[in-house]
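Coordinate analysis (summary)
Read off the chains here:
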Amino acid sequence: MDNAEVSGFEHFNPSDKLYDDKGNEKVMETAKDFATALVSLDDDPTLPIHTFRMWFLGIGLAVFGSVLGILFQFRPQVISVSALFLQLLAYMLGKVLEVTIPSPGSRFHKANWFWNFMNPGPFNIKEHVAAQIMASTAAGAALACLVFASDDLFYNITVNSGNAISTLLASQLLGYGIAGIFRSFLVYPTTMLYPRNLIYVNLFDVLHRSKGELLRGKRLRFFWIVVGAVFVYEWFPEYIAPLFGSFNIVCLAVRDSDWVTNVFGGAEGNEGMGLLGFGLDWANITSAPFYQPLTTQISTYVGWAINYIVLPLVYYRNVWNSKNFPFISQNLFFENGTIYDQTLILNPDFSLNRTAFEIVGQPWQSGSTVIFHLGINLSIGATFVHIGLWHGKEVGSISSFRGKLIDDPHYAKMRVSLSIVLTVPLWWYGSIAIGAFVVAMVCAYTERSQLPWWALIVALLFSIITLPFYGAMNAIFAWIPNMTSLFQIIAAALIPGSSQANMYFELYSSRGLTQAAAMLSDLKLGQYTKLPPRVTFMVQIVGTVVGALLNYVIMQSIVDNERSILLSNEGTRIWSGQQIQSFNANAVLWGALGKEIYGPNGPYFIVPLGIVIGLGLPVIPWLIYQKYGWKWLRYVNTAILASNIGTLAGGTNGYVNTWMAIGLTSHFYIRKYRAGWFRKYNYLFGAGIDGGAQIFVFIFSFALAGAGGVTVPFPQWALNPAGNADYCKVAGS
């Protein structure tokens, strides 16, 4: 698998790809265009990597990122810690260490192994990449923390620290073994572009390569100007003037209508869908419009538009008794609209008590939540078929299992430059997977998971089967499918009547899948920057362990101190329990009540049926394309489209129209008509936005927003009104 041949590298000239015969810059269309125009082939295999700076920054920022990552899971608008933010911090701190630790040529530097380890010279790109991968690996919030938080908040179960940490590590590491199997066709080929990585690579290049060039200086200044401007600006929509984050003329004109709030409101969590809202809050918009391919963006926008029709129809026609519940909510309800107490229908072992269920009655969901889950399930079925129909030949032809050549120039360059460095042997991945599996099996029986040994094996098998399709969607479209429902349905069928078993089945299957995809993405980043694969593997493992430990500590602290807010429906502008509530609600509905709620005689049978319906969605545009050759159909990804049906049923939504305007400007107008600017500055602009916004969020959260234990609200005024920041009526008032 890892001894795949390399073809075509000796004839490759990057400059040939940038300009046409008239000297005009070419418009980037294909994966090869992006990979060759935006990613440098430069490499210096002699650069030191295992230095004090790399390990100090990697571990230090891993601690920092893991704390920030789990904090963001408890915000109204859940966002991930930007790897670019960590990349930026690593660079700044790396340059500080470069000048503060005695360097070669100084009278304190003795030129022995110790001083060369402490400071071998300028802070280089490979140290930087390794530190960033370690930190970003730790910054992804561990799914096991949602399990433990749900246990604590809704079941009054406190998992002992030893079991909790062991489960965290096992669930985080299992996916790495799976990733090793698929490297040859989900990492090495050019087709597997990983557009999100282009943001990071552009910044690495401008910070470390082409030194002395005038263009590098202009790009570097441009980047820092964007970072500074966004940092200063974010104080307004997030603190001083929240109206900037969701301005809506309809809300300003009509302030006493629940209907207007439901459709046009979008400033607060679970307020409304944000129709016609134009908010400019970069912490919510992020850099996504600058790197997501046009196909992904157009499909997303169509999915969002469907929300504006479907969600109001479901609610105001009272489908599934929707009018009894809030327009948007992730909670479970009694039919009269009060919050459902699931402990009333569960036995002491958390299985379903059918007698109590008949007395208490079934739990209900808001109609918008049902549509959200239906859209997700439609996208699951569509994911498998879309990749098979539209990209099956590409994936099949690039697999080195079938002896095909890998002609990616970056893979070829790395193989040549690092000829003395072997790739990571498969048994390394296997050893990690086996060790994590043994720990997971032990924990499944020592804690109250109710997950049988054979179900754990099934969970891992489904992760392996799903990864090629899941990974290809991420690599080609910069879109990550939500496979949670698939695993919950399987768990409900295998272990009916147990919400606990359902949560743990989802933990090991879903987390194994996402961790495998994360490792594959990092391996591609290493390929772009020519970081040796063994270094990438090592820093990923270290980052994962550090992140899991810190995630657990911070999660437990938040649950203990913000318990009442996490259990409330709306939460606050700072803290929200919507992620935990949604996670628990799904576990109860699928685990304890799967047959009763989602079975053929249940009220929500359409939700699991969505996976079957989704299998047919990509077929229609594919058949039309085969017959008529309409090129615009290549921009329709029904899996992405379906996944966004219902996504406005939660969080803050006042910025989605701004997102659309930015995305279309970037990837339609600028890419086609300002190709040079797009290549030099588009991804750097996205990097600056993430950098400035996330620096702000970190400082603001700890200084004024309560993450440090103190909340300092800004005084009310015209742009920071009482109630909803966009002046829409507060629901129920």
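Notes on the structure in this doc start here. On a predicted model such as this, the values are computed, not experimentally measured, just so you know. (Residues numbered from 1 in each chain as written. Predicted model: local features only at pLDDT ≥ 70, side-chain atom pairs only at ≥ 80, totals over all residues. Heavy atoms only, no water.)

1. So, the overall build of the chain
Within the chain one finds 31 helices and zero strands. Over its C-alpha trace the chain gives a radius of gyration of 25 Å, about what one expects of a compact globule, namely 27 Å for 733 residues. In terms of its C-alpha atoms, the chain occupies a principal-axis envelope of roughly 80 × 65 × 60 Å. For the chain, buried positions account for 61% of its 733 residues. A distance of 9 Å separates the average location of the 44 positive side-chain charges in the chain from that of its 41 negative side-chain charges. (Helix = DSSP H or I, 4+ residues; strand = E, 2+ residues; numbered from the N terminus. Rg over C-alpha atoms; globule rule 2.2 N^0.38 Å. Buried < 20%, exposed > 50% of the residue type's maximum accessible area, 1.4 Å probe, protein only. Lys, Arg positive; Asp, Glu negative; His and termini not counted. Charge placed at Lys NZ, Arg CZ, Asp CG, Glu CD.)

2. What about the nonpolar core?
With 216 residues, the main nonpolar core has Phe148, Leu186, Leu467, Tyr508 and Met555 as its most contacted residues. In this structure Leu186 touches Met192, Tyr194, Leu467, Pro468, Gly471, Ala472 and Leu520, once residues within four positions along its chain are discounted. (Core = buried A, V, L, I, M, F, W, Y, C linked by side-chain atoms within 4.5 Å. Contact = heavy atoms within 4.5 Å.)

3. Quick notes on the state of the cysteines
Following the criterion strictly, the structure yields one disulfide and no others. The partner cysteine of Cys251 in its disulfide is Cys728, sulfur to sulfur 1.9 Å. In this structure the cystine formed by Cys251 and Cys728 twists about its S-S bond by roughly -65 degrees; its chirality is therefore left-handed. With Cys251 in helix H11 (residues 249-253) and Cys728 in the segment after helix H31 (675-703), this pair connects stretches of sequence that are 477 residues apart. Unpaired in terms of disulfides, Cys145 finds its nearest cysteine sulfur in Cys443, a separation of 14 Å. Relative accessible area serves as the criterion here: at 1%, Cys145 is assigned to the buried category. (Disulfide = S-S within 2.5 Å.)

4. A look at the environment of Pro721
Its place among the elements puts Pro721 in the segment after H31. Sequence separation between Pro721 and Pro242 is 479 residues, and the spatial gap between their C-alpha atoms is 8.5 Å.

5. Side note on a nonpolar patch on the surface
Side chains of Tyr445, Trp453, Trp454, Ile457, Leu461 and Leu494 sit close together on the surface and give an oily, nonpolar patch of about 590 Å² of accessible area. Broken down by element, the residue count for the nonpolar patch peaks at four residues, all from helix H20 (residues 453-477). Structurally, the position occupied by Trp454 is in helix H20. (Patch = residues over 30% accessible without salt bridge, like charges linked within 9 Å, V, L, I, M, F, W, Y side chains within 5 Å. Areas by Shrake-Rupley, 256 points an atom, 1.4 Å probe, with all protein chains shown as cover. Salt bridge = Lys/Arg side-chain N within 4 Å of Asp/Glu carboxyl O.)

6. Some thoughts on the pattern of salt bridges
Applying the stated criterion across every chain yields a total of six salt bridges. In this structure, Lys126 engages Asp43 in a salt bridge whose closest nitrogen and oxygen atoms are separated by 2.9 Å. Of this pair, Lys126 sits in helix H5 (residues 125-139) while Asp43 is found in the loop between helix H1 (31-38) and helix H2 (52-72), placing the two residues 83 residues apart along the sequence. Owing to a relative accessible area of 2%, Lys126 belongs among the buried residues under this scheme. Glu596 is paired through a salt bridge with Arg354; the nearest N and O atoms lie 2.2 Å apart. In this pair, Glu596 is assigned in helix H26 (residues 594-598) and Arg354 in helix H16 (residues 354-360), connecting sequence segments 242 residues apart.

7. Section: the packing of H20 against helix H22 (residues 499-529)
Angle between the axes and distance between the axes are the two parameters that describe a pair of packed helices. Relative orientation of the contacting elements H20 and H22 amounts to 35 degrees, with a least axis distance of 8 Å. Of the two elements, H20 crosses H22, and the hand of that crossing is right-handed. Contacts between H20 and H22 involve Ala455, Leu456, Val458, Ala459, Leu460, Ser463, Thr466, Leu467, Tyr470 and Asn474 from the first element and Phe505, Tyr508, Ser509, Gly512, Leu513, Thr514, Ala516, Ala517 and Leu520 from the second. Among the residues making up the contact of H20 with H22, the classes are represented as 13 nonpolar, six polar and no charged. (Axes fitted to C-alpha atoms, helices over the stretch in contact; angles between N-to-C directions. Left-handed = near helix turned anticlockwise from the far one by under 90°. Nonpolar A, V, L, I, M, F, W, Y, C, P; charged D, E, K, R; others polar.)

8. Focus: the packing of aromatic side chains
One pass over the full model with this rule turns up 42 aromatic pairs. Seen in terms of ring centroids, Trp304 and Trp659 are 5.6 Å apart; in terms of plane orientation they differ by 85 degrees. Their pairing is edge-to-face. Pair noted here: Trp304 is in helix H15 (residues 294-316) and Trp659 is in helix H30 (residues 656-673), with a separation of 355 residues, a long-range link. Plain terms: the ring middles of Trp677 and Tyr681 are 5.6 Å apart, the flat faces sit at 40 degrees to each other, and that makes the pair tilted. Of this pair, Trp677 and Tyr681 both sit in helix H31, separated by four residues, roughly a single helical turn. Linked through ring pairs, Phe231, Trp235, Tyr239, Phe696, Phe700 and Phe714 together constitute an aromatic cluster. Its end group placed over the ring of Tyr628, Lys627 keeps NZ or CZ at 5.5 Å from the ring centre. (Phe/Tyr/Trp six-rings, centres within 6.5 Å; stacked < 30°, edge-to-face > 60°. Lys NZ or Arg CZ within 6 Å of the ring centre and 35° of its normal.)

9. Some words on unusual backbone geometry
The phi dihedral of Tyr194 is positive, around 55 degrees, even though this residue is not glycine. Within the secondary structure, Tyr194 sits in the loop between helix H8 (183-186) and helix H9 (195-208). Of note, Tyr727 is a non-glycine position whose phi angle comes to about 75 degrees, a positive value. Mapped onto the elements, Tyr727 comes out in the segment after H31. Take Tyr727: its relative accessible area is 21%, and that puts it in the partly exposed class.

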